[in-house]
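Understanding the architecture of this molecule
Listed below, chain by chain, are the residues.
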Amino acid sequence: MNAADDKTIVREYFNSTGFDRWRRIYGDGEVNKVQLDIRTGHQQTVDTVIGWLKDDNNLSQLTICDAGCGVGSLSIPLATEGAKVYASDISAKMVSEAQDRAALALKNTVNPDFTVQDLESLSGNYHTVICLDVLIHYPQEKADEMISHLCSLAQSRIMISFAPKTFFLSILKKIGTFFPGPSKTTRAYLHREADVVKILEKNGFKIQRKAMTRTRFYFSRLLEATR
Ligand code: SAM
């Protein structure tokens, strides 16, 4: 399968069965145990990012690009904290859900600024570029290109999370639960941390902070790099 196929499949998935599944996982309604575990894990990743940004005490002065924003789980709280957020996602359904949630949570419709766009075609310059749990949908070669492109958009900082390859054997089975059944499937790709770091460094970034979220069914390595 080539990378273009991966992208088409991912877009279709997050506009159909994937949308229904992830909208529920990233919500607060009733879900099954596995989904609840993934919800909890994902929230920890989001909380870590928000915690790091808040620690720096300058959120209201930052422009932030949230690439692959999903239903706005990160964008909405960051806008609430006063950052100027540019949020985008390849899936029109995810963006529409994010807009609905933002309208409920915030009193304006301009921040976050939402667009339906794949991250490869994003342009502009942002203080911080964040991309959470998106790389899992792409093989390393494609992920390298994506990370390099995200680096080109970032003035100072990039934060990126991915499922680390070290857990490959232990989560191989569990990954099946992320995307069950062939008709609902997108492939799940794991990435070696050293490969991600290498690409960040090649683009002039240096690792500053690292975190790992690990629940039963959710694994996410988070890296912050600056230049
Ligand atoms: N980052 C969000 C979060 O952590 O809440 C959503 C994570 S969700 C697992 C992955 C998201 O990435 C989906 O909303 C999907 O539509 C989006 N996505 C996948 N490939 C993308 C691409 N090439 N460009 C932009 N968004 C993409």
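Before going into details, it helps to say that this report is about the structure given with it.

Definitions and limits used
- Residues numbered from 1 in each chain as written.
- Predicted model: local features only at pLDDT ≥ 70, side-chain atom pairs only at ≥ 80, totals over all residues.
- Heavy atoms only, no water.
- Core = buried A, V, L, I, M, F, W, Y, C linked by side-chain atoms within 4.5 Å.
- Buried < 20%, exposed > 50% of the residue type's maximum accessible area, 1.4 Å probe, protein only.
- Helix = DSSP H or I, 4+ residues; strand = E, 2+ residues; numbered from the N terminus.
- Contact = heavy atoms within 4.5 Å.
- Near = heavy atom within 4 Å.
- Polar contact = N/O pair within 3.5 Å; in protein donor to acceptor, adjacent residues only side chain to side chain.
- Areas by Shrake-Rupley, 256 points an atom, 1.4 Å probe, with all protein chains shown as cover.
- Nonpolar A, V, L, I, M, F, W, Y, C, P; charged D, E, K, R; others polar.
- Expected span 1.5 Å × (residues − 1).

Another point: the nonpolar core. Judged by nonpolar contacts, the single largest core of 41 residues is most densely connected at Trp 22, Leu 119, Ile 147, Leu 150, Ile 160 and Leu 200. Broken down by element, the residue count for this core peaks at six residues, all from helix H6 (residues 140-153). Among all residues touching Leu 150, those that are not within four sequence positions of it are Ala 67, Leu 119, Val 129, Cys 131, Ile 158 and Ile 160. Of all hydrophobic cores here, the second largest spans 26 residues; its members include Val 49, Ile 76, Val 95 and Ala 102.

With that out of the way, let us pick up the site of the ligand. As a matter of local geometry, the ligand sits amid 22 residues, with His 42, Gly 68, Asp 89, Leu 132 and Tyr 138 nearest to it. The side chain of His 42 places a nitrogen or oxygen atom 2.7 Å from an oxygen atom of the ligand. Leu 119 places a polar main-chain atom, nitrogen or oxygen, 2.9 Å from a nitrogen atom of the ligand. Protein contact buries 98% of the 590 Å² of open area that the ligand shows by itself. Partitioned by chemical class, the residues of the shell around the ligand number eleven nonpolar, seven polar and four charged.

Look at the link from Asn 111 to Pro 112: it is a cis peptide, with omega at 5 degrees. For Pro 112, the position within the fold is in the loop between helix H5 (92-105) and strand S3 (113-116). Positive phi values are uncommon outside glycine, yet Asn 57 reaches one of about 65 degrees. Among the secondary structure elements, Asn 57 is positioned in the loop between helix H3 (33-55) and strand S1 (63-67). Unusually for a residue other than glycine, Asp 133 sits at a positive phi of about 55 degrees. Assignment of secondary structure puts Asp 133 in the loop between strand S4 (126-131) and H6. Here Asp 133 falls in the buried class, since its relative accessible area comes to 17%.

End to end, H6 covers 20 Å across 14 residues, agreeing with the expected 20 Å (1.5 Å per residue, within 8%). Within the sequence span of H6, burial applies to Lys 142, Ala 143, Met 146, Ile 147, Leu 150, Cys 151 and Leu 153.

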